[in-house]
Amino acid sequence: MAWITPSTQILVIGAGELGTAFLPHLSALPDIHITLGIRTISKYTKLASLNVSLLVLDISGPSDQLAKTFATYDIVISCTGFGQSPETVHKLANEILEAGKLREAEGRPPLWFFPWQWGADYDVIGDGEGLMPLFGAQKEVRDMLREKAANSNVIWTIVSTGIFMSFLFEQFWGVVDREGNNIIVRAFRDWNHQVTVTDVDDIGRILGRIVAGHVDSRNRILYVAGDTVSYSRLADVVERLSGKGVKREQWTIPYLKKEVDNDPDNIIKKYRLVFARDGVFWDKEQTVNYKLNVELVDVETYLKRRPGLI
Ligand SMILES: NC(=O)c1ccc[n+]([C@@H]2O[C@H](COP(=O)([O-])OP(=O)(O)OC[C@H]3O[C@@H](n4cnc5c(N)ncnc54)[C@H](OP(=O)(O)O)[C@@H]3O)[C@@H](O)[C@H]2O)c1
């Protein structure tokens, strides 16, 4: 099915790591126009050279205005990052539903919405046994869209990407811990536990294919995976490519739980515990990239392209 038409208007909200990575792939689509919604234009002057329009937009702003604004776009893609509150995640979804209804009143086709759900399987994780209200809100948005989108002239697509590849190697995440010449690789839960990871550029590539209509994506949760890697294989790859000795440490669920109990305001410790549980990986065979036969960057390729990283 052809989704885009010669006058398709796309609004990308947020120009951080993900939003910026999306722009070249969306810009490569024929016949579309991209508007980037950002809070402060002066912070993003480097984007002025791209063929996109800039719009000052704060999704925590007044609802009546936002719904009207959203209604003028055919596709809205949220890339607003982890800095959201559960309230803004709900609010955006509600405004999109209102915008869909406004379009319907004007006889316009449905608004296609990609919520900020570029991560784990929030249907499985829920609110992470109370640890993650933001993830809980993402599950509630899924339920809201399943229940109300069809009657609100809204089509939705959720793209589950796992964690961003860059995130896996962040020092603060604690999985690949580089201290001088020493590397510690830590397994959350156990060495057979897995995590799905995708590079942001690859998420953009697949998003381009979805928007172009190459995938059945209407009112669906799609899965993408650059790699689905066990902690054991990750340690092996890091050891082989770094040429350094790798110390292996296992952070079991009881250990991670104790860490949270002792430091309950530490968000990273909560994330680690959630990522030691289920809903954070899926088989590559069930992914859009597998079905489209698109080769994405796996952990090994990612590291080979960044020789200084480990
Ligand atoms: N699956 C994952 O692993 C995953 C998913 C999401 C995020 N992350 C992690 O989070 C980091 C950031 O990734 P990201 O690109 O998702 O987010 P980001 O780099 O933090 O960018 C968020 C963007 O959204 C904008 N924004 C935030 N609140 C807004 C609001 N109320 N209204 C309008 N715009 C708003 C920000 O604008 P301002 O510049 O004005 O703040 C910024 O442009 C990465 O390092 C990534 O590792 C990971």
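Note that the structure is a prediction, hence the values are computed from the model and not measured.

A. Representation of empty space enclosed by the protein within the structure. Overall, the coordinates contain 1 cavity of 30 Å³ or more when judged by the stated rule. Taken as a whole, the largest cavity spans an internal volume of roughly 90 Å³. As for the largest cavity, its lining consists of 14 residues, of which Ser 78, Val 89, Leu 92, Pro 115 and Trp 116 are closest to the centre. Elements supplying a minimum of two residues to the lining of the largest cavity: helix 3 (86-105) and helix 5 (133-148). Across the lining of the largest cavity, the residue classes tally to 8 nonpolar, 6 polar and no charged.

B. Main features of the domain arrangement of the protein chain. Domain boundaries assigned for the protein chain yield domain 1 (8-160) and domain 2 (164-196 + 227-281 + 293-304). Relative placement of domain 1 and domain 2: their C-alpha centres are 29 Å apart. Opposite the 13 residues of domain 1 that make contact, domain 2 presents 13 residues. Buried surface at the junction of domain 1 and domain 2, both sides included, amounts to about 1,100 Å², of which 72% is carbon and sulfur. When residues of domain 1 are sorted by the area they lose upon contact with domain 2, Glu 17, Leu 131 and Met 132 head the list and together hold 42% of the total. Counting every contact that joins domain 1 to domain 2 gives 1 salt bridge. Of the charged contacts, one joins Arg 277 and Glu 129 as a salt bridge, the two residues approaching to 3.4 Å between their closest N and O atoms. Counting every contact that joins domain 1 to domain 2 gives 4 residue pairs in polar contact (both at pLDDT 80 or more). The set of elements that each furnish at least two residues to the side of domain 1 that touches domain 2 consists of helix 1 (17-27) and helix 4 (122-125).

Conventions we followed
Residues numbered from 1 in each chain as written. Predicted model: local features only at pLDDT ≥ 70, side-chain atom pairs only at ≥ 80, totals over all residues. Heavy atoms only, no water. 1 Å grid on protein atoms, 1.4 Å probe; cavity = no way out; pocket = protein on both sides within 12 Å on 5 of 7 lines; lining within 4 Å. Points joined across faces, edges and corners; volume = space filled by probe spheres on them. Helix = DSSP H or I, 4+ residues; strand = E, 2+ residues; numbered from the N terminus. Nonpolar A, V, L, I, M, F, W, Y, C, P; charged D, E, K, R; others polar. Domains from an automatic or database assignment. Contact = heavy atoms within 4.5 Å. Buried area = accessible area lost by both parts, 1.4 Å probe. Salt bridge = Lys/Arg side-chain N within 4 Å of Asp/Glu carboxyl O. Polar contact = N/O pair within 3.5 Å; in protein donor to acceptor, adjacent residues only side chain to side chain.

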